[in-house]
Amino acid sequence: MQAANPILQAGTYARPLDNSFRKAQWRMLLAAMFCYFFFYTGRQTFGFAIPGIQKEFGLSKEMLGWASTSLLWCYAVGQAINGNLGDKFGGRRVMTAGAILSCAANWVVSFAVGFKSLAIPWGINGYFQALGWAPGSRLLSNWWGAGERGKVYGFYVFAAGCASVLSFVTSIIVVNVLHLDWRWIFRLPVLLMLVGGIAFYLIARERPEDLGFKSPDTGVANNNPQETQAGVADGEPQESSWSRYKAVLSNPKLMIAALAIGFQNAARYGLIVWVPVHFLGKDWAKAADGMIDPAWISVALPVGMAFGALTNGWISDKVFGSKRYKAIVLYMLLGAIASMGMYLLPTSILGLGLLFLAGFFVYGPASSFWALCPDLVGAKRAGTATGVMNFFSYLLAGLGEPLIGRMLDHSGSTSVVFPIVAASCLISAFIALFIRR
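Because the structure is predicted, anything quoted here is derived from the model rather than measured.

With that out of the way, let us pick up the overall build of the protein chain. When its secondary structure is counted, the protein chain shows 19 helices and zero strands. Burial status across the protein chain gives 59% buried among its 437 residues. In the protein chain, 84% of the contacts between residues at least 6 apart in sequence involve partners at least 24 apart. As displayed, the protein chain has an accessible area near 16500 Å², and 67% of this comes from carbon and sulfur atoms.

Summarising the element assignment, tyrosine 245 is placed in helix α10 (residues 241-249). C-alpha of tyrosine 245 to C-alpha of valine 388: the two residues are 143 residues apart in sequence and 8.4 Å apart in space. The residues contacting tyrosine 245, other than those within four sequence positions of it, are Ala80, Ile81, Asn84, Thr384 and Val388. Side-chain polar atoms of tyrosine 245 contact the backbone oxygen of alanine 80, separated by 2.2 Å.

For the rest of this paragraph, the subject is the packing of aromatic side chains. Per the counting criterion, the structure on display carries 28 aromatic pairs. Ring geometry for phenylalanine 391 and phenylalanine 392: centres 5.3 Å apart, planes at 80°, overall edge-to-face. By way of ring pairs, the aromatic residues Tyr36, Phe39, Tyr40, Trp133, Tyr156 and Trp370 are connected into one cluster. Over the ring of tyrosine 201 we find arginine 92, and its NZ or CZ is 3.9 Å from the ring centre. The cationic tip of arginine 187 hangs over the ring face of tryptophan 184; the distance from NZ or CZ to the ring centre is 4.7 Å.

A few words now on the confidence of the model for the protein chain. Taken as a whole, the protein chain shows an average pLDDT of 83; of its residues, 86% reach a score of 70 or greater. Mean pLDDT across the elements of the protein chain bottoms out in helix α1 (residues 5-10) (39) and peaks in helix α9 (residues 190-203) (96). Contacts of residues 283-291 to residues separated by more than four positions or lying in other chains number 13 contacts, the stretch itself having pLDDT below 50.

So, about a nonpolar patch on the surface. A cluster of nonpolar side chains, contributed by Trp107, Phe111, Ile173, Val177, Leu178, Leu188 and Leu191, occupies part of the molecular surface with about 580 Å² of accessible area. Owing to a relative accessible area of 32%, isoleucine 173 belongs among the partly exposed residues under this scheme.

This structure, assessed with the given rule, holds five salt bridges. Measuring nitrogen to oxygen at the nearest pair gives 2.6 Å for the salt bridge that ties arginine 183 to glutamate 56. One end of the pair, arginine 183, is in the loop between α8 (149-177) and α9; the other, glutamate 56, is in helix α3 (residues 46-57), with 127 residues separating them in the sequence. Taking the relative accessible area as the measure of exposure, arginine 183 reaches 13% and is therefore buried. Residue classification places glutamate 56 among the partly exposed positions, given a relative accessible area of 43%. One salt bridge in this structure joins glutamate 62 and arginine 406, with 3.1 Å as the shortest N-O distance. Of the two residues, glutamate 62 is situated in helix α4 (residues 61-89) and arginine 406 in helix α18 (residues 382-411); the sequence distance between them amounts to 344 residues.

Let us look at unusual backbone geometry. Positive phi, normally seen in glycine, also occurs at histidine 179, with a value near 55°. Residue position: histidine 179 is located in the loop between α8 and α9. Looking at histidine 179, the relative accessible area reads 63%, which means it is exposed.

Attention now goes to α4. With 29 residues, α4 extends 40 Å from end C-alpha to end C-alpha; this agrees with the ideal 42 Å at 1.5 Å per step. Maximum bend of α4: about 35°, positioned at glutamine 79. Phi turns positive one or two residues past the end of α4, at glycine 90, with a value near 100°.

Now for α8. Between its first and last C-alpha atoms α8 spans 40 Å; for 29 residues at 1.5 Å apiece the expected length is 42 Å, and the two agree. Burial of α8 is extensive: 22 of the 29 residues sit out of reach of the surface. Immediately beyond the C-terminal end of α8, within one or two residues, lies histidine 179, with a positive phi of roughly 55°.

This brings us to the side chain of serine 393. Along the chain, the position of serine 393 falls in helix α18. Judged by its relative accessible area of 1%, serine 393 is buried. Here the side chain of serine 393 touches asparagine 265 through a polar contact of 3.0 Å, side chain to side chain. Discounting residues that sit within four places of it in the chain, serine 393 has contacts with Ala258, Ile261, Gly262 and Asn265.

Here we come to the side chain of arginine 92. Structurally, arginine 92 can be placed in helix α5 (residues 91-109). For arginine 92, which is buried and forms no salt bridge, the nearest opposite charge comes from glutamate 206, at a distance of 6.6 Å. When sequence neighbours within four positions are dropped, the list of residues in contact with arginine 92 reads Leu139, Phe200, Tyr201, Ala204, Arg205 and Glu206.

A few words on the packing of α3 against α4. The N-to-C vectors of α3 and α4 enclose an angle of 140°; their axes lie 11 Å apart at closest approach. Between α3 and α4, the angle is such that the two are oblique. α3 and α4 meet at a crossing whose hand is right-handed. Here Phe46, Ile50, Ile53 and Gln54 of α3 lie close against α4, whose contacting residues are Lys61, Leu64, Ala67 and Ser68. Broken down by class, the residue content of the contact of α3 with α4 amounts to five nonpolar, two polar and one charged.

Definitions and cut-offs
For every chain, the first residue of the written sequence is number 1, and numbering continues from 1 onward in sequence order. The model is predicted, so local features are restricted to residues of pLDDT at least 70 and side-chain atom pairs to those at 80 or more, both for listing and for counting; the totals for chains, interfaces and linings are taken over all residues. For side-chain calculations, the full set of non-hydrogen atoms in the structure is used, while hydrogens and water are omitted. Runs of H or I in DSSP of at least four residues are treated as helices and runs of E of at least two as strands, each being numbered from the N terminus. Burial classification: accessible surface area is computed with a 1.4 Å probe over protein chains only, and a residue below 20% of its type maximum counts as buried, one above 50% as exposed, and the rest as partly exposed. In this description, contact between two residues means that some pair of their heavy atoms is separated by no more than 4.5 Å. Here the Shrake-Rupley method, with its probe set to 1.4 Å, supplies the accessible areas, and only the displayed protein chains count as covering residues. Two N or O atoms form a polar contact when they lie within 3.5 Å of each other; inside protein one atom must be a possible hydrogen donor and the other a possible acceptor, and for residues adjacent in sequence the pair counts only when both atoms belong to side chains. Aromatic contacts are taken between Phe, Tyr and Trp rings whose centres are within 6.5 Å, Trp giving its six-membered ring; a plane angle under 30 degrees counts as stacked, one over 60 as edge-to-face, and the others as tilted. Over a ring means this: the NZ of a Lys or the CZ of an Arg is within 6 Å of the ring centre and within 35 degrees of the ring normal. pLDDT measures the predictor's confidence residue by residue and takes values from 0 up to 100. A residue counts toward a patch only above 30% relative accessible area and without a salt bridge, and it is joined to like-charged neighbours within 9 Å or, for Val, Leu, Ile, Met, Phe, Trp and Tyr, to nonpolar neighbours within 5 Å. By convention in these notes, a salt bridge is any Lys or Arg side-chain nitrogen within 4 Å of a carboxyl oxygen on Asp or Glu. Expected helix span is taken as 1.5 Å per residue step, with the number of steps being one fewer than the number of residues. Values of bend correspond, residue by residue, to the angle between axes fitted over the seven residues ending at that residue and the seven starting there. The sign given to each residue is positive for Lys and Arg and negative for Asp and Glu; His and the chain ends receive no count. Angles here are taken between N-to-C directions and fall from 0 to 180 degrees, while the axes themselves are lines fitted to C-alpha atoms, restricted in helices to the stretch in contact. Angle categories are assigned with fixed cut-offs, so that under 35 degrees is roughly parallel, over 145 is roughly antiparallel, 65 to 115 is roughly perpendicular, and the rest are oblique. Two helices crossing with the near one rotated counterclockwise from the far one by less than a right angle form a left-handed crossing, whereas a clockwise rotation gives a right-handed crossing. Three categories are distinguished: nonpolar for Ala, Val, Leu, Ile, Met, Phe, Trp, Tyr, Cys and Pro, charged for Asp, Glu, Lys and Arg, and polar for the others, with Gly belonging to the last.

Listed below in structure tokens is the structure:
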């Protein structure tokens, strides 16, 4: 450590330190990705539990939509709070706490005996889930500079997309392979999240300085020198929570992005929650007879989401020169087209490819949205900005769930979800045009 200090003080890096720092950067990214890879097993399994819950409790789809909303709205409130906690206490500790507490909350949900005992702990679980994303983003913004954020957030969101795949696959295994009832969906997959959270705490470090390195350039769009550091160094005054919230909420571009991602996430959760219900229904069961279990067809959705997120961040950096709104608008328009294709071909095997494309384009812009947070307010406030943006994201997603459930109840057709998703994509694309900077 003593040998590294002169280099650190001089503000330059010898080649061995360059290589060591690069390895440390990737280690932190992979640790955050590994942890978040398991996070969705704690909240994206609900759709697979809906048929069993309906059968046992006799609840309507609208009521189950409200149960889903309880998680989404508590998640939204948690994001507004916990992003700031990540800035204040560090992403490493906060993210790990989220994994442990969410695992416990899922087990409580599994013992539900009716709507209230289902919705209340599911909502509490939403708050615990909100301890993950923004604090993890905060840690990554400390380690990676402005010129590589699209790529880094692309990988991070790719891990989230893969987490959707894992949550779908583990839920299908519980119900269709192990033939356990819906309660075990909330008991077995979440054990992986517990492992991921503990591993993250053991591997990750909050800032480059914790390992004797100098932080990279994490400047903001307005080049304000007071906002260019990746966190508060030892001995510097800690910025107050109020100051962080004031700076974030007074940024008009960030507020526009928050509204745009709200409709993007409404489209995303419309697919995540109701596509499993659609593919477990009688229409798809008949169409897929003799070919493949329709439950497994639904996995095409999160697979598409994972790769969409990976590509969109790269495109925003390399093709559009970090003008992220262009990548967002492009994918949202294509997502609307793919979703309408699913509606027009509700039981065709061609729907498998369209479902992949719907996931690819609907979720893909998430990586560009999250890269906008440190772009606009700097790494020092990245956790707070991510939390505020995610608050609006899940507020609007929560509004959509009971609406979709009610429309499915009245129409009798689960394919109605797809035009609703398409409309949300178009609204998101229109709003995103005003993010340009």
